[in-house]
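Okay, here's what each chain looks like letter by letter:
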Amino acid sequence: MSVSVLVRPSKIAYAILANSFPEELKEIEAALLAFRITKRDLGTQGGNKSDIPQNFSRTLRPSGWVESRIQGDLIVRLHEYDEQVLSDGKVQKVKRPDTKTQLIEAFTDRHKIDYVKGRVAFYFEWNSTKEKFDRDLHAFRAFHEFGLISSVVIVTRSDNLNLVLNKVPQLNKAGEETAETVKAKYGASTTRMNKLLYRLNAGLHEGCPVLVFGRTPKLIDDWEQT
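Residues numbered from 1 in each chain as written. Predicted model: local features only at pLDDT ≥ 70, side-chain atom pairs only at ≥ 80, totals over all residues. Heavy atoms only, no water.

1. A few points about the overall build of the protein
We count it as follows: By definition, any uninterrupted DSSP run of H or I lasting at least four residues is a helix, any uninterrupted run of E lasting at least two residues is a strand, and each is numbered from the N terminus. Note on method: radius of gyration uses C-alpha positions; expected globular size equals 2.2 Å times residues raised to 0.38. The classification of residues rests on relative accessible area computed with a 1.4 Å probe and restricted to protein chains. Under 20% of the type maximum is buried, over 50% is exposed, and intermediate values are partly exposed. By the convention used here, residues are in contact when the closest approach between their heavy atoms is within 4.5 Å. For the purpose of counting charges, residues Lys and Arg are taken to be positive, whereas Asp and Glu are taken to be negative. His and the chain ends are not included. By convention, charge coordinates are those of NZ in Lys, CZ in Arg, CG in Asp, or CD in Glu.
Each helix and strand in the protein was counted, giving seven helices and twelve strands. Against the compact-globule benchmark of 17 Å for 226 residues, the protein has a radius of gyration of 24 Å, which places it well outside the compact range. Seen through its C-alpha atoms, the protein measures out along the principal axes to roughly 90 × 40 × 30 Å. The 226 residues of the protein split such that 41% are buried. Sequence separation of at least 24 residues holds for 76% of the intrachain contacts in the protein that already meet a minimum separation of 6. Positive and negative charge centroids in the protein, built from 34 and 29 side chains respectively, lie 4 Å apart.

2. Quick word on helix 5 (residues 131-145)
Counted only if it meets this: Multiply 1.5 Å by the residue count of a helix minus one, and that product is the helix's expected span.
The first and last C-alpha atoms of helix 5 sit 21 Å apart over 15 residues, in line with the 21 Å expected at 1.5 Å per residue. Along its buried surface, helix 5 packs onto strand 2 (66-68), strand 7 (113-117), strand 8 (120-124), strand 9 (151-157) and helix 7 (193-201). The positive-phi residue at the C-terminal boundary of helix 5 is Gly147, with phi of around 75°.

3. Remarks on the side chain of Arg141
To be explicit about the condition: Whenever a nitrogen or oxygen atom comes within 3.5 Å of another N or O atom, the pair is scored as a polar contact, on the condition that within protein one atom can donate a hydrogen and the other can accept it, and that pairs from neighbouring residues in sequence are kept only if both atoms are in side chains.
Mapped onto the fold, Arg141 is located in helix 5. You can call Arg141 buried: its relative accessible area is 15%. Among the polar contacts made by the side chain of Arg141, one reaches the side chain of His138 at a distance of 2.5 Å. Apart from residues lying up to four places away in sequence, Arg141 is in contact with Leu204, His205, Glu206 and Cys208.

4. Section: the environment of Lys183
Structurally, Lys183 is set in the loop between strand 11 (177-181) and helix 7. Measuring from C-alpha to C-alpha, the distance between Lys183 and Leu196 comes to 19 Å, with 13 residues separating the pair along the chain. The residues touching Lys183, leaving out its near neighbours within four places in the chain, are Leu165 and Asn166.

5. Things to note about the confidence of the model for the protein
Basically, it comes down to this: Confidence of the prediction at every residue is given by pLDDT, a number between 0 and 100.
Mean pLDDT over the protein: 84, with 91% of residues reaching 70 or higher. Within the model, the stretch residues 1-9 combines pLDDT values under 50 with 26 contacts to residues more than four positions away or in other chains.

6. Here we look at the pairing of strand 7
Two faces make up the sheet, and in a regular strand the side chains alternate between them. Worth spelling out the cut-off: Should DSSP find at least two bridges between two strands, the strands are regarded as paired.
In terms of residue burial, strand 7 counts as a mostly covered element, since four of its five residues are buried. As judged from the two bridges shared by strand 2 and strand 7, these two strands associate in the antiparallel manner. Its bridge partner being in strand 7, Ser68 is matched across the sheet by Ile113. Bridge analysis of strand 7 against strand 8 gives three bridges, and the strand direction is antiparallel.

7. Observations regarding unusual backbone geometry
A positive phi angle is found at Glu206, which is not glycine, with a value near 45°. Note that Glu206 resides in the loop between helix 7 and strand 12 (210-215).

Following this line, the structure appears as structure tokens:
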């Protein structure tokens with residue numbers, strides 16, 4: 001795939017996608033190729049709720065990628081046993097006929113995943129707090145443990161995109177350039193590649209295959225590469 005991104009692939013995740021879900025992988029590739037932004041997009045107020053995340057929605061939603069969330073109850077059964085002394089002195093356990101059952105409602109209630117199609121999940125984390133990665137990986141792990149998904153694709157900012165953020169001017173509500181850059185909006189604690197890789201290397205995904213893409217300055221149409 002020829003895309004202007006920094007790729008940190010998981011061999012297992014990519015193999016699963018390429019061999020078992022080629023159509024879903026093709027649609028994700030198309031969304032990545034179509035993802036383009038401008039310096040104005042970066043400077044506009046709004047953070048992760050700006051128009052930038054909508055780039056993927058415009059491509060993936062028409063193809064059947066839907067928002068999904070796991071919610072489930074837990075039924076707990078308690079089996080009780082009595083002990084009966086036999087004529088030979090041995091002790092035999094005898095199960096009581098009644099089984100106590102308890103329903104724990106909303107035992108599982110995980111955070112939503114923005115895009116799911118079949119057994120493939122896709123997530124775009126552009127500019128949120130780094131703790132969102134913990135929440136997201138927990139949700140992916142739950143979907144995988146319950147057998148609902150086979151692989152996940154995560155897209156975030158590459159670390160070298162910070163070079164651009166240090167220079168692009170922040171826009172006010174009227175859309176006019178200010179003296180400040182967007183560096184403050186995309187701060188050190190927000191979601192980007194090294195924050196995600198740290199968590200993956202720590203095993204927070206717990207076996208859920210994850211393929212990661214980091215978007216680089218090449219995706220900015222009006223940015224002059226140096």
